[in-house]
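Structure at a glance
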Amino acid sequence: MRIVAGLVFVAALVAGTTTAQADTFDYVALGDSAAAGPLIPNQDPALWCLRSDRNYPQVAAKQLGATLTDVTCSGAKTDDFAGRQFGFVAPQYDALKPSTDLVSLTIGANDIGLFQTALSCINLLPEPAGLSCQDRYNAGGTDQLAAAVAAWAPEFGAALDEIKRRSPNAKLLVSGYGTYIRPGGCYPRQPVWGRDGDYLQSVMNRISATAKAEATKRGATFVDFAAVTVGHDICAAPADRYLEGLIPTTIAAPLHPNAAGMQAFGTAVAKAAK
């Protein structure tokens, strides 16, 4: 009788463990620095990825009660999903499992070289002194960055296909990038001429629109960070900013989301996941 009772007890424990495992909501976050949160305290001990424990995947995971595997990494390009970033960081795809329930990703800006482009648009003197980056990137009548985004689109689409192949039952959330600068900019508070600021934002909007189009083709959900950040751009008062300017006013990387921005993004992602 004791043996039978013991077997029943063990069976109950096993069943309970299995049920607990089945109830786990597994969330994998992929992406670049706009998801990783460089310099926002506290940073992952694996400092090469500059990943914060207050980034939007962490915020969303807490709100969802999810078990998070966060492999976002600053500087990531789309091909780092399959390859080893910096030569030693494991491919981000490796985090995906058939049992994964939710995947989020933000990627594309580094494929276009957008951070370097933004830095090249700095002008300390007003027009006509200096050189417009809009003019430079449109020299010869071809928008070089628009062409780069168009070339990236099929690569991004293929990445979404691979995510779906590896985690066929997961809900896939694709985010765009924020509204970094309002129409007309705010020169000289942020030292980018108004038309150059409009051009930079148009490139970010183009990346986001391309990501949305590729996501929609595949039945994925698009999370619009541009809408979340209207009025919270780099021209806003420091206390209202979700995105930092060239000189950050909180502990965050220049031209990246700050902790308040990550909180807002995480809330948007959690809402989209439900």
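Let me begin by describing the structure that accompanies this report. (Residues numbered from 1 in each chain as written. Predicted model: local features only at pLDDT ≥ 70, side-chain atom pairs only at ≥ 80, totals over all residues. Heavy atoms only, no water.)

**Let's talk about the side chain of glutamine 201**
Locating glutamine 201 in the fold gives a position in helix 8 (residues 194-217). Assessed through its relative accessible area of 7%, glutamine 201 is described here as buried. At 3.2 Å, the side chain of glutamine 201 and the backbone oxygen of glycine 178 are in polar contact. Residues within four places of glutamine 201 in sequence aside, it is in contact with Gly178, Thr179, Tyr180 and Ile181. (Helix = DSSP H or I, 4+ residues; strand = E, 2+ residues; numbered from the N terminus. Buried < 20%, exposed > 50% of the residue type's maximum accessible area, 1.4 Å probe, protein only. Polar contact = N/O pair within 3.5 Å; in protein donor to acceptor, adjacent residues only side chain to side chain. Contact = heavy atoms within 4.5 Å.)

**Describing the sheet that holds strand 1 (residues 26-31)**
The 5 strands are arranged 2-1-3-4-5 in an open sheet whose pairing can be described as parallel. Every other strand in the sheet has two partners, leaving strand 2 (67-70) and strand 5 (221-223) as the edge strands with one partner each. Looking at each pair of strands side by side, their axes are set apart by 20° on average, direction ignored. Bridge count for strand 4 (residues 171-175) against strand 5 is 3 bridges, and the pairing is parallel. What sits directly across from leucine 173, in strand 5, is threonine 221. (Pairing = 2+ DSSP bridges. Axes fitted to C-alpha atoms, helices over the stretch in contact; angles between N-to-C directions.)

**Some details on the packing of helix 7 (residues 144-166) against helix 8**
Viewed as axis vectors pointing N to C, helix 7 and helix 8 meet at an angle of 30°, and their least axial separation amounts to 9 Å. Judged by the angle between their axes, helix 7 and helix 8 are roughly parallel. For the crossing formed where helix 7 meets helix 8, the hand is right-handed. Taken together, the residues of helix 8 that come into contact with helix 7 (itself represented by Leu145, Ala146, Val149, Trp152, Ala153, Phe156, Gly157 and Leu160) are Tyr199, Val203, Arg206, Ile207, Thr210, Ala211, Glu214 and Ala215. Of the residues in the contact of helix 7 with helix 8, the class split is 12 nonpolar, 2 polar and 2 charged. (Parallel < 35°, antiparallel > 145°, perpendicular 65-115°, else oblique. Left-handed = near helix turned anticlockwise from the far one by under 90°. Nonpolar A, V, L, I, M, F, W, Y, C, P; charged D, E, K, R; others polar.)

**What to know about helix 7**
Between its first and last C-alpha atoms helix 7 spans 34 Å; for 23 residues at 1.5 Å apiece the expected length is 33 Å, and the two agree. Bending of helix 7 peaks at approximately 30° at the position of alanine 153, with proline proline 154 no more than four residues after it. The complete set of buried residues in helix 7 reads Leu145, Ala146, Val149, Trp152, Ala153, Phe156, Gly157, Ala159, Leu160, Glu162 and Ile163. At the N-terminal end of helix 7, a side-chain oxygen is found 3.1 Å from the backbone nitrogen of leucine 145, two or three residues along, and the residue is aspartate 143. (Expected span 1.5 Å × (residues − 1). Bend = angle between axes of the 7 residues up to and from the residue.)

**Let's talk about the pairing of strand 1**
Taking burial as the measure, the 6 residues of strand 1 include 5 buried ones, the bulk of the element. Pairing of strand 1 with strand 2 involves 4 bridges; the strand directions are parallel. From the neighbouring strand, valine 28 faces strand 2, where its bridge partner is threonine 69. Of the pairings in the sheet, the one linking strand 1 to strand 3 (residues 102-106) comprises 5 bridges and is parallel in character. Paired with tyrosine 27 across the strands is leucine 102, a residue of strand 3.

**Focus: the layout of surface pockets**
By volume, the largest pocket amounts to about 400 Å³. Surrounding the largest pocket, 24 residues form its lining, Leu114, Phe115, Ala118, Tyr180 and Leu255 being those nearest its centre. Counting residues per element, the ones that place at least two in the lining of the largest pocket are helix 2 (33-36), helix 4 (109-112), helix 5 (114-120) and helix 8. When grouped by side-chain class, the residues that make up the lining of the largest pocket number 16 nonpolar, 7 polar and 1 charged. (1 Å grid on protein atoms, 1.4 Å probe; cavity = no way out; pocket = protein on both sides within 12 Å on 5 of 7 lines; lining within 4 Å. Points joined across faces, edges and corners; volume = space filled by probe spheres on them.)

**Thoughts on the nonpolar core**
Counting 67 residues, the largest nonpolar core has Tyr27, Leu105, Ile163 and Val174 as the members making the most contacts within it. Other than its neighbours up to four places away in sequence, leucine 105 contacts Leu30, Tyr56, Phe81, Phe156, Leu160, Ile163, Leu172, Leu173, Val174 and Ser175. (Core = buried A, V, L, I, M, F, W, Y, C linked by side-chain atoms within 4.5 Å.)

**Regarding the packing of aromatic side chains**
One pass over the full model with this rule turns up 6 aromatic pairs. Residues phenylalanine 86 and phenylalanine 88 carry aromatic rings whose centres are separated by 6.2 Å and whose planes lie at 35° to one another, so their mutual orientation is tilted. The exposure class of phenylalanine 88 is partly exposed, given its relative accessible area of 45%. Plain terms: the ring middles of tryptophan 152 and phenylalanine 156 are 4.8 Å apart, the flat faces sit at 35° to each other, and that makes the pair tilted. Here the residue tryptophan 152 and the residue phenylalanine 156 both occupy positions in helix 7, the gap between them amounting to 4 residues, near one helical turn. As far as burial versus exposure is concerned, tryptophan 152 and phenylalanine 156 are alike and both buried. What links up through ring pairs into an aromatic cluster is the set Trp48, Phe86 and Phe88. (Phe/Tyr/Trp six-rings, centres within 6.5 Å; stacked < 30°, edge-to-face > 60°.)

Geometric values such as these leave the question of function open.
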